[in-house]
Each structure stands twice: as C-alpha cells, then as structure tokens.
There are 4 protein chains.
Amino acid sequence: MRVRRLVVTLSCPDRTGIVAAITGRLAGIGASITEAAYHADTAAGWFSTRQVVDRASVPGGADMLRAVVGQVAAQLEVPGGEPVRWRVRDTAATPRVVLLVSKESHCLHDLLGRMWGGELDMDVRAVVGNHDVLRPVAEAHGVPFHHVPFPARADDDEARTGRDAAFAQVAEIVDPHEPDAIVLARFMQVLTPGLCERWAGRAINIHHSFLPSFMGARPYHQAHARGVKLVGATCHYVTPDLDAGPIIEQDVSRVDHADTPEDMIRRGRDVEKLVLARGLRAHLEDRVQVHAGRTVVFR
Amino acid sequence: MRVRRLVVTLSCPDRTGIVAAITGRLAGIGASITEAAYHADTAAGWFSTRQVVDRASVPGGADMLRAVVGQVAAQLEVPGGEPVRWRVRDTAATPRVVLLVSKESHCLHDLLGRMWGGELDMDVRAVVGNHDVLRPVAEAHGVPFHHVPFPARADDDEARTGRDAAFAQVAEIVDPHEPDAIVLARFMQVLTPGLCERWAGRAINIHHSFLPSFMGARPYHQAHARGVKLVGATCHYVTPDLDAGPIIEQDVSRVDHADTPEDMIRRGRDVEKLVLARGLRAHLEDRVQVHAGRTVVFR
Amino acid sequence: MRVRRLVVTLSCPDRTGIVAAITGRLAGIGASITEAAYHADTAAGWFSTRQVVDRASVPGGADMLRAVVGQVAAQLEVPGGEPVRWRVRDTAATPRVVLLVSKESHCLHDLLGRMWGGELDMDVRAVVGNHDVLRPVAEAHGVPFHHVPFPARADDDEARTGRDAAFAQVAEIVDPHEPDAIVLARFMQVLTPGLCERWAGRAINIHHSFLPSFMGARPYHQAHARGVKLVGATCHYVTPDLDAGPIIEQDVSRVDHADTPEDMIRRGRDVEKLVLARGLRAHLEDRVQVHAGRTVVFR
Amino acid sequence: MRVRRLVVTLSCPDRTGIVAAITGRLAGIGASITEAAYHADTAAGWFSTRQVVDRASVPGGADMLRAVVGQVAAQLEVPGGEPVRWRVRDTAATPRVVLLVSKESHCLHDLLGRMWGGELDMDVRAVVGNHDVLRPVAEAHGVPFHHVPFPARADDDEARTGRDAAFAQVAEIVDPHEPDAIVLARFMQVLTPGLCERWAGRAINIHHSFLPSFMGARPYHQAHARGVKLVGATCHYVTPDLDAGPIIEQDVSRVDHADTPEDMIRRGRDVEKLVLARGLRAHLEDRVQVHAGRTVVFR
C-alpha cells in the first residue's frame, strides 16, 4: 500500500528567513514533514526547497496546503524580481507519461518493466514510434502503441513539411493525455521549436553520450575514434537548443581498447537505461527544479 | 547477421610453452584467431585460455578444431596431475537457458528484454516459478511458464519432503531442455545437494548482497542495520555450500543515511539486474573458468 | 582567505515543528544560513540537523549563537527521553588532529599533503608510530614524530601489560593536544577499552576492507582467496567492539582474477587514502552524527 | 626484493600466426612467460602484444632476448607497410622521470609519495616549476627543484620569445636525464611544437576534465556552468594538437547542484591524482602502445 503524501516544491529569490517562513506555516497547521531538502545557490541568488508532508496530518488535503503555501509564496515575491514558483502535488494521483520511441527497445522495455513491477509509480498512457518495430513491446505490457511514420532525414522543404506534419500527429496523440512527462526514449527525432515550448519542463530526453562530449550523431563511434576510456549517457530536459538542455542525471561505464563501437553501444545501453530511469523518477517525484539552465535534483 | 565463430577454452597445469603449443597448432591449420586471452595463476600453478577462431578459416568446422585441440590437450596432461579441461563451441548454436523465479520481476524482465532486443544471444526455453506471479511476464515474452508450488519454509520432515518433491518436479521441467545455464533469478529457494551436483557449473545465482557481506536472509535489512554506505550484488555459481560458490561478477551502488531498507532494495535491484546480466553473458560466451573455488573471467 | 562560519549541529527525538523552531530562532537574530541539512530517521524516531551560519550575520559570534541554540535545545528535551545533543563550532579555530601510524606510508602521506596544500583545514599536532619507519614523512612535513614501541603480538599477560603501557605512553602524547580527531592511519594496533571510551566519537580508523566483509587480519588475502571482484575500505569510529564501529565512509575498487594479493593491496591503498580523507573531512566539518550505531553524514 | 623481469612489447600489421611465431621463439629459448597480453585491432589491421619474461629463465638476459625478438620482428615486416615496433626492457633499470609543475601541489605530492613508499618504481630526477611555490614539496622528498620563470600569458611576439626561451631552459634541465617520462603534473603551460616532437611518446599530461568535454581553460568552471553531474580527469600523451593526444586513462567523480566550482575543483583533484598515477604506472611498465591516435593499455 502506497502512503499518501503531499509534495510541496517552491523556488524563489534567496534571502534570510525563507525556511523559517515556510516551516513555521507548515508547523502552524500541524503538517508533519517526512522529508525536507533545501538549496540556496548563493552565486545565482536563488533558493529551492522540496518538502514532503504526510497527507494524514493535513485534514484539508492538497487544497488546504495550496492555500497555505500560496500565502507564503506571495510574501516571498520580490517586486521586479523573478517570480516565485511553487506547486503542491498529491501522490494519490499517479503521474501520466507518454513515451516516444524509434527502433531500439532497451529503454522502452526497462521503463515498462519498472512500471509493471511497481518500482516506478507512473501510468504510461501511450507509446508513439516513428517506426512500427516496438509495437510488440508496448502491447505486451498492455500499453497502446501508435505508429507515426517520419520522412527520411533530408534538409529540403518537403522533408521539413513532412516532419512538421508527423510531429503534429504525435502531438495530437500526446496532448489529450495531459502527460506529466513526455519521454524521448531513444526517439532519434529532434522536436520542433513549437513542441519544445509547449512541452517545456515536461519533455525529457536520454542522450547516448556524456554531454557535452560527443554532441550530435553516432556518439559511440565518435567516442571510439577518440579512444576514450569511459562512455556515458545524459538525461536532460529538451530545449530548442539541441543537446544543451538542463541535465538531470549522468553516468558512465568503463570501456577499453578491446571494445569495438558495437561493444561500446552495448555497454552504453545499460548506462542509458539506468540514467533515464533515475532521471525520470526524479522528475516524477518532483525532485527536479530548473533555474538558469541548471538543475537542482533533490536526492 | 551474427558472425559464426568457434570458441576454444582450455585449462591445465601451468608450465612453459603452453601458449606456443596451442597457437602453433592453430596456426598450423590456418585458423584465424580473432580474440585470445590467457591467464596463469602462478600461486596455484594453473593455466587458462580462451581463443576465438573465425569459423570461415577452419573448413572442417568445430569437429576439425576439436580434433586439433584434443591432441594438444593430450600433450598437456600431467601424469597424476589434475586433468586438462577443454571445449570447443560453435556459436551457430544458440545457448539454451532456463530461468527459476519467485515473485520479484526485475531480473526476469531484464533478461527477457535483453533476449528480445538481441543483446543476449540465448534461447530461454522455460521459466519456472514457485509462485504464479510472474507468469504474465514470461508469457508476454513468448516463453512458457511453469508453476511449481513449494511448501512454506519450515525445518520439519514434512517440509523437507515437500521441497524435495517440488525440486524433483522442477528438474523434470528443466533437464529435458539440456540447458547451458539454469539461472536462479531471485528464486529464493536453496537447491538440493543433488541438483547442485547435477547442475554444477551451469546453475547461476544472483545474491542480493556484496558477498561475503550479509550472507543469508534479508541482506538489505542487515545492510541498513549496519549502516553501510554501499549496497551490492553478487552473481555466482551455485554450490552445496550456500552463498559460497565461485563469484562471477559483483558490483555496488552508493546509499546513505536517508535510505530506508526499502530504498536500498530499490537501488539494489538495479545492481542485481546488471550483475546478473553481465555474469550470465560471461558464462554463455565461455568467458568463465573455475579453479579451486575462484573464477577466471576473460573480458 | 577562509570565510568564517559558525556550524550548528543538533540532534534530538523527532517530532513535528523542530525545523520551524530552530530556523525561527535563527531568523529571529538575523542569522544568515548558508547551508542547511536535515534528517529524520522515522524508524528510530531521531532527528538530526546541521546548519552553517555566516559569522558576519551574528554580531555576538559563537557565544551568542550558543545561547540561542541552547534555549531551543532545552525546549526540545523530552522528559525521560534520550537527551538532546548540540554544538556550535566557530571555523576560525582550526581543528587539531593527531595521527597514529605503523609502517605503511600512504595514508599518512596523503593526509599531510592535503594539509600542506590547504585542502584539509586541520592542524596535525603530532604523529605517533609504533615503528620508527615513518619519521621522515612526518618531519618532512614539519610535524613532530613520536616513536612508541609496542610488544610483538602475543596473548600472554606480559604482552598485554606491555601493550597497556605503550598505550598509556601514546595517550600521554595525544591528550595534551586536546585533539578533535585521533586518526588510526593504518595503525594496526587495537585500542584498549579505556582509550576507546576516552576518545569516543573522536577516534577514527581506516579498515582495509569493505566491512563487514573480511573483518580481522589480512583482509586482502582473504578477499583474494574468496575471489571477490571488488576490494574496498571503510572509515569508521573506533568502538570497543572491533571493526564494528559506526561507518562514516566506504568505497571500492574493481579487481579481477589477474590480481595477486599484492596487486589488491596496491589497488586497495588508493581506496583507503580516499575513504579516510573523505571520512576525516566529514568529521572535522561536523557533518557526522551518530545514533544507535549508525551515522548520518551530511553532504 | 623486486623480481627481475624482461618486458617485451611488439606491435605490427595484423595477420595470422603472429602469436605462434613469437611464443614459439620464446619457448624455443626456454623463456618463462609470466604475463602475456595481446590485442588485434581488426578494423585498423594492427596487432599489439606485451610479454613479461622471468629474467632467470633467460641466461643471456635482455641482449639475448633482443636478438630473438629482433629476428621475429624482421619476419613480421610487411614490405611497404607500417614498420614493426618492438622493445625489450630490463626491469633492473629503474625508469627515470622528470616532473613539470606550477603552483598546485596535489599531483606532485601524490607521485613523490608513491615513489617514497615504493609503490611506483621510478626515479624522479628533477622537478621543474614555472613558479617557485612547490620547491619545499620536492626538496622534502629529496628531489632537486628548478625554478624556470615563464612570461605572463600574452600573444605578442615578446611573450612568445620569452616562452620559447623558458622552454629551452626547461629542456636543458630535462634532457640530460634522458627521462623515460616527462610528466606535466598540472604544469599549465603548452609545450612548444619542437618539444612535443622531441618528447613524443614520453611527455604525459593530466588534464582536469573528462576530455573531450571542456577543452581549454578553467574546465571546472565550464562544468559548473553546464550543470554536469560528474567531473573527470584525463591522462594523455602530449601532442602538438592541444588536448587531443592519445588518452591513457580517465575517470570521473560525482558532483551535484550543491557543489560550487571550488567544490568541483576539490573533488576533481582526487580524480586527477588517481588518473595521473594510474596512467604513469601503465606507461612506465610498458603497458601502453599507441596506434593511429588511440592507445592500447594492457592491464
């Protein structure tokens, strides 16, 4: 049985007394805090916090907590400054997720397995593939699969028009689910600027290199040619600036001279799976906050 | 397309000139070696090698190579010494595997996903569970599932008789497949001495601790109580001496004071999956040789 | 130039409103908090916090802060419960350290190098060796070296008496320095129960294995014999129960079948150095709190 | 007591029968091989091997072995192909090393400590600093220190002339020692093309980032600005193409949002020390071979 909790996240310009203000108000209504994390980025002058409250200690539930946190947030506003951002989420509502995939199965399979086993508390509403290859994986896990063909890569107007149309079709499938996360699980297509904006803070990509090394295509082949001794993967929010979005999680795996590019791809897959799963979990549990292109990821 | 190879493994008492003897004979028939690894355990006086030969360079195939390696092996015998062990395997034959499971899905799901994606070259012929919980996972991947109920743990005669009968039933399912590996993928039942012997060198277990720490039951709870800063997992061959079989692979994951036993279990699962997959791959690719209770694992 | 800070640590029985109580009081005197960490061990019902205050924001300095925190602590006392523990430390006072060593130089050399380079803010007042081997290392770094010979290991009365006398001599050298940490940097002698008690919470040991694996003597040889794939090290507080003190930090390094016990010792040394340095830093920066045999180590 | 060995390294165009040719000749003179490693880079068509021979098994010593290996090498030459490279080194001769440093002490201190403790078998003949800061560290370890001032960075002719003159002075100190390795232990000056060529295959640098990420200056500040979750270090051979030389060793350390650039620098130092020590050891033990800009590093 899942314990029901209310997750409060708040970030604002840094100054003295914020923690006292927040915790004082929470204590005032008898809220029992089970987890609390704070970060003050002194250089940037920005404060972030995440507090987890036992739902049972707040009779009025999320609405009551929203009223209280909203009042605190209003006090923390700095005239002319960057606005305070805050949110209260009730864990009784399972987060909704849509996965975008291409031909490689490892990330899709891993995420669906974590959902099946109850390890990742999420509701994958749909899988969209630009190829029809992974339909059996999705359907074996009881998730609807949608095939949206994309034109071959080419930089002429026709290809661009085709891609825009395909993305429009993807958006039509995705948006009605109002997903908390749209995961590019080795999707291999670059989102349009319009979708980057519409899905800002919700679109998550797994890049198969330790960014900023080896941006662009075929990173494992680049890594092999350079003779690196570690290969890695990066989970990041999608922004219009390709491969430059805020990094949520990274990890690496050791390789050596005996590893061919194919071996690196195989070793890298395990890193990709882990890094994406960890990054997505952090996002779905409201552990990630973004400011000035960098993330705070509360453990 | 998979390149066809012949994998030669040989181990014998160590002395000067073994490598020359082997490689000389292989060169003599024009065999093209694509991978070669050697290890001499000087303290134990024991030599091990693994050579991978391009099948196309040996017109007579595995049989021809067996004749040649057999002759070398005969020359390497030491009268009164430990016998030479050798084998030639043709990679055209996909290894057969049977998985034994209980209620936890993560290892089963991970291994079947690797098979589906073509990452692990194996043919999982059957999954046997002492509970019926994981049937959907097996069947979703097209693998037959067999439920063999086990009696509840108790140390009376009745329980022992029930366990022996259940294991006899498991063996009846497993043995006709002549599996190259019987994997206890979080099976949670201790093999009988008879099965340990019959499946010696083929039964592989994943233990959810960094052995020899926390042998026995509930290792993550033990780890939490001791306040360790890393949790781990161990893939090992099964022997009658519980949790003491030759170790194939181990790894760890960082934890801290904020992790409850449940968090440790969750973090540990990712290590278990990886360690089991790596250990099984090494076994199926004939990379593991055992001598005096320790493994040589050629990379 | 080192920024001057006041470090507040407090631990007490857990209940609602502690953070609000503490941060409210700190905010009340205008204290500017630059770092804050909290941990509530729900199962044990124990709360811990560490707060770093900018010295410049508290005109009355450490004394003023002690008065304030002392009042809060008094409010948090639970009649009949475990007493509240708290402390305020001014970072203007460099922590004093004494190192106990034997023949192996790597940990001693590493710690003195970190002091020399300004990386570890500590004042090593003396090095005591049960052999005279490491005198040049200490003296090259300008630290006095004291040689206190110990009797060879034997379990007769004479040896015990000799050890007790030697330890008495060590204590006479150590205690006048009133050290914040007494570090057993591969000292290889078991502290007497009396010294364990006198130096409780200040005596730190580096054990050359991943505890609780391979307790006792020659852990690398034990690890080699068992065929493990990782070797490790453990930094822990010294308690009368050998190798069972609260763990501050651990790490591991990969080994394989080609590593002899000597290779493992060499690889292990790098882990020992790192783990000890990290553990000691955490201790000296008041990041470690102990409850019920387990540590909270604030990052 | 150090066991005396002869280390044979050889690399040549790949073809069938090379191992048989080498090991056959070695067996023919009764050479007892204690370690052997091979690598065939199939894509590049290049073969590399390292063999360690017990000196006691070769009465004629290194000269005798050179005669034998020279004959094999002659047979392996391919007309018009890349020449065979080979070497026989007697471990009785301790390798000579010169260290180039600037102001940061951690790498210098670490390497000298490893020499002092007998862990790295090398003879550091001299330390050259472009500042006089680290003289006490060198001299405390009994190594002569030479201060060669460099002009401040500027791109005018005068600065270039000054740098060239300073480097000429460095070379005059370094070259008479005929060093097996010239180590840029955080030297912070770019070698002239002339020295890159003269010291090719012997000049080793430690770069304070996980190359190819964050090439150029202030990599930790770059890493912080990008918000990466790991920082790393790279040990590589120096080539005229800055930060692009063949990579010998790399590793990383986890960081998070709470780490300032200064924290990253501190965490990174431990990685730099380890990576440089491992890379230098591999070089001095003839474990590294370079082909086409990539290294083979035999374990």
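Everything quoted here is computed from the prediction, not taken from an experiment. (Residues numbered from 1 in each chain as written. Chains lettered and ligands numbered in written order. Predicted model: local features only at pLDDT ≥ 70, side-chain atom pairs only at ≥ 80, totals over all residues. Heavy atoms only, no water.)

Asker: Help me get a handle on the UniProt feature "active site" (unreviewed entry) in chain A, residues and values and all.
Answerer: Residue and element names in this part refer to chain A. UniProt marks Asp243 with the feature "active site" (unreviewed entry), using the numbering shown here. Tracing the backbone through its elements, the reader meets Asp243 in the loop between β10 (230-237) and β11 (247-254). Exposure remark for Asp243: the relative accessible area of 8% places this residue in the buried category. Looking at Asp243, its side chain comes within polar contact range of the main-chain nitrogen of Gly216, at 3.1 Å. (UniProt positions renumbered as here; feature names shortened; annotations may be inferred. Helix = DSSP H or I, 4+ residues; strand = E, 2+ residues; numbered from the N terminus. Buried < 20%, exposed > 50% of the residue type's maximum accessible area, 1.4 Å probe, protein only. Polar contact = N/O pair within 3.5 Å; in protein donor to acceptor, adjacent residues only side chain to side chain.)

Asker: Quick one: what's the story with the domain arrangement of chain A, residue by residue and with numbers?
Answerer: Residue and element names in this part refer to chain A. What the domain assignment reports for chain A is domain 1 (5-90) and domain 2 (96-297). Distance from the C-alpha centre of domain 1 to the C-alpha centre of domain 2: 31 Å. Each side of the interface is counted separately: domain 1 has 16 residues, and domain 2 has 10 residues. Our count for the contact surface shared by domain 1 and domain 2 stands at 5 salt bridges. Of the charged contacts in the structure, one is a salt bridge between Asp180 and Arg87, with a shortest N-O distance of 3.9 Å. Summed over the shared surface of domain 1 and domain 2, the number is 9 residue pairs in polar contact (both at pLDDT 80 or more). Going through the elements one at a time, β1 (5-13), β2 (33-41), β3 (46-54) and β4 (85-90) are the ones with two or more residues in the side of domain 1 that touches domain 2. The residue makeup of the side of domain 1 that touches domain 2, split by class, is 4 nonpolar, 5 polar and 7 charged. (Domains from an automatic or database assignment. Contact = heavy atoms within 4.5 Å. Salt bridge = Lys/Arg side-chain N within 4 Å of Asp/Glu carboxyl O. Nonpolar A, V, L, I, M, F, W, Y, C, P; charged D, E, K, R; others polar.)

Asker: Tell me what's going on with the sheet that holds strand β7 (residues 145-147) of chain D, and back it up with residues and numbers.
Answerer: All names here are of chain D. One open sheet accounts for 7 strands, arranged β7-β6-β5-β8-β9-β10-β11; its pairing is mixed. Of all strands in the sheet, those with a lone pairing partner are β7 and β11 (247-254), marking the two edges. Taken pair by pair, the neighbouring strands of this sheet meet at an average axis angle of 15°, ignoring direction. Bridge count for strand β6 (residues 123-129) against β7 is 3 bridges, and the pairing is parallel. What sits directly across from Val128, in β7, is His146. Against the sheet, helix α5 (residues 157-174) touches β5 (96-101), β6, β7 and β8 (181-184), its axis set at about 155° to β5. (Pairing = 2+ DSSP bridges. Axes fitted to C-alpha atoms, helices over the stretch in contact; angles between N-to-C directions.)

Asker: Before we move on, can you summarise the UniProt feature "domain: ACT" (unreviewed entry) in chain A with the specific residues and values?
Answerer: Under the present numbering, the feature "domain: ACT" (unreviewed entry) in UniProt falls on residues 7-86 of chain A. As a span, residues 7-86 of chain A carries 34% helix and 34% strand, and end to end its C-alpha atoms are 10 Å apart.

Asker: Can you break down the interface of chain A and chain D residue by residue, with the values?
Answerer: Much of the literature gives interface size as the accessible area that the parts lose upon coming together. Contact residues are listed per partner, giving 31 residues for chain A and 31 residues for chain D. For the pair chain A and chain D, the two sides together bury roughly 2700 Å², of which 52% comes from carbon and sulfur. Counting the contacts that link chain A with chain D gives 4 salt bridges. Notably, a salt bridge pairs Arg254(A) with Asp251(D), separated by 3.5 Å at the nearest N-O pair. Those elements that place two or more of their residues in the side of chain A that touches chain D are α7 (219-226), β11 and β13 (294-297) of chain A. At 7 residues, β11(A) tops the list of elements feeding residues into the side of chain A that touches chain D. Class assignment for the residues of the side of chain A that touches chain D results in 15 nonpolar, 8 polar and 8 charged. (Buried area = accessible area lost by both parts, 1.4 Å probe.)

Asker: Summarise the pattern of salt bridges; cite the residues concerned and give the values.
Answerer: This model, assessed by the stated rule, comprises 132 salt bridges over all chains. Across the pair Asp110(B) and Arg114(B) runs a salt bridge, and its minimum N-O distance is 2.7 Å. Taken together, the residues span about one helical turn, with Asp110(B) and Arg114(B) both in helix α3 (residues 106-116) at a distance of 4 residues. Side by side, Asp110(B) and Arg114(B) carry an identical accessibility label, which is buried. Because the salt bridges share partners, they merge into one network encompassing Glu104(A), Arg186(A), Arg269(A), Asp270(A), Glu272(A), Lys273(A), Asp110(B), Arg114(B) and Glu119(B).

Asker: Which residues make up the relation of the copies chain B and chain A, and what values go with them?
Answerer: Here chain B sits on chain A after a turn of 180° about the axis and a move of 0.0 Å along it, with an RMSD of 0.0 Å. One copy is carried onto the other by what is essentially a two-fold rotation axis. Among all C-alpha atoms of chain B, that of Ala140(B) lies closest to the rotation axis, at 2.6 Å. Both copies present the same face, since 100% of the interface residues in chain B are matched by interface residues at the equivalent positions in chain A. (Least-squares fit on C-alpha atoms with pLDDT ≥ 70 in both.)

Asker: Which residues make up the relation of the copies chain A and chain D, and what values go with them?
Answerer: In this structure, two copies of a chain are linked by a rotation about an axis accompanied by a shift along it. At an RMSD of 0.0 Å, chain A and chain D line up after a rotation of 180° and a shift of 0.0 Å along the axis. Here 100% of the contact residues of chain A are again contact residues in chain D; the copies associate through an equivalent surface.

Asker: Give a detailed account of the side chain of His39(B), specifying residues and quantitative values.
Answerer: Assignment of secondary structure puts His39(B) in strand β2 (residues 33-41). Taking relative accessible area as the criterion, His39(B) reaches 11% and is therefore assigned buried.

Asker: Describe in detail the pairing of strand β10 (residues 230-237) of chain D, supporting the description with residues and values.
Answerer: All names here are of chain D. For β10, the tally of buried residues reaches 8 of 8 residues, placing the bulk of the element in the interior. Alternating positions in β10 separate into two faces, Leu230, Gly232, Thr234 and His236 on one and Val231, Ala233, Cys235 and Tyr237 on the other, with burial throughout. Where strand β9 (residues 203-207) lies against β10, 4 bridges are found, and the strand directions are antiparallel. Note that in β10 the partner of His207 across the bridge is Thr234. Sheet topology places β10 next to β11; 7 bridges connect them, and they run antiparallel. When the bridges of β11 are listed, Gly232 appears paired with Val252.

Asker: Go over the state of the cysteines with me, naming the residues and quoting the values.
Answerer: In this structure the tally under the stated criterion is 0 disulfides over all chains. The thiol of Cys196(D) is unpaired, and the distance to the nearest cysteine sulfur, on Cys235(D), comes to 15 Å. (Disulfide = S-S within 2.5 Å.)

Asker: So what's going on with empty space enclosed by the protein? Residues and values would help.
Answerer: Considering all chains together, one arrives at 11 cavities of 30 Å³ or more under this definition. By volume, the largest cavity is sized at about 90 Å³. As for the largest cavity, its lining consists of His257(B), His39(C), Asp41(C), Trp46(C), Ser48(C), Gln289(C), Val290(C), His291(C), Arg294(C), Thr295(C) and Val296(C). For the lining of the largest cavity, the secondary-structure elements that each account for two or more residues are β2 (33-41), β3 (46-54), β12 (288-291) and β13 (294-297) of chain C. Here the residues of the lining of the largest cavity sort into 3 nonpolar, 6 polar and 2 charged. Counting contributing residues, the lining of the largest cavity receives three or more from each of domain 1 (5-90) and domain 2 (96-297) of chain C. (1 Å grid on protein atoms, 1.4 Å probe; cavity = no way out; pocket = protein on both sides within 12 Å on 5 of 7 lines; lining within 4 Å. Points joined across faces, edges and corners; volume = space filled by probe spheres on them.)

Asker: How would you summarise unusual backbone geometry if you had to cite specific residues and measurements?
Answerer: Following Leu211(B), the chain continues to Pro212(B) via a peptide bond in cis, the omega torsion being 5°. Inspection of the secondary structure assignment puts Pro212(B) in the loop between β9 (203-207) and α7 (219-226). Residues other than glycine seldom take positive phi values, yet Asp243(C) does so here, at roughly 60°. Positive phi, normally seen in glycine, also occurs at Asp286(D), with a value near 55°. Relative to the assigned elements, Asp286(D) resides in the loop between α8 (261-284) and β12 (288-291). Classification of Asp286(D) as buried rests on a relative accessible area of 7%.

Asker: Explain the interface of chain B and chain A residue by residue, including any values.
Answerer: Across the contact, 28 residues belong to chain B and 28 residues belong to chain A. Together, the buried faces of chain B and chain A total about 2000 Å²; carbon and sulfur atoms form 50% of this surface. Looking only at chain B, the three residues that lose the most surface to chain A are His109(B), Trp116(B) and Arg299(B), adding up to 30% of its buried area. Counting every contact that joins chain B to chain A gives 10 salt bridges. Along the contact surface separating chain B from chain A lie 10 residue pairs in polar contact (both at pLDDT 80 or more). Among the secondary structure elements, those contributing two or more residues to the side of chain B that touches chain A are α3, α4 (135-140) and α8 (261-284) of chain B.

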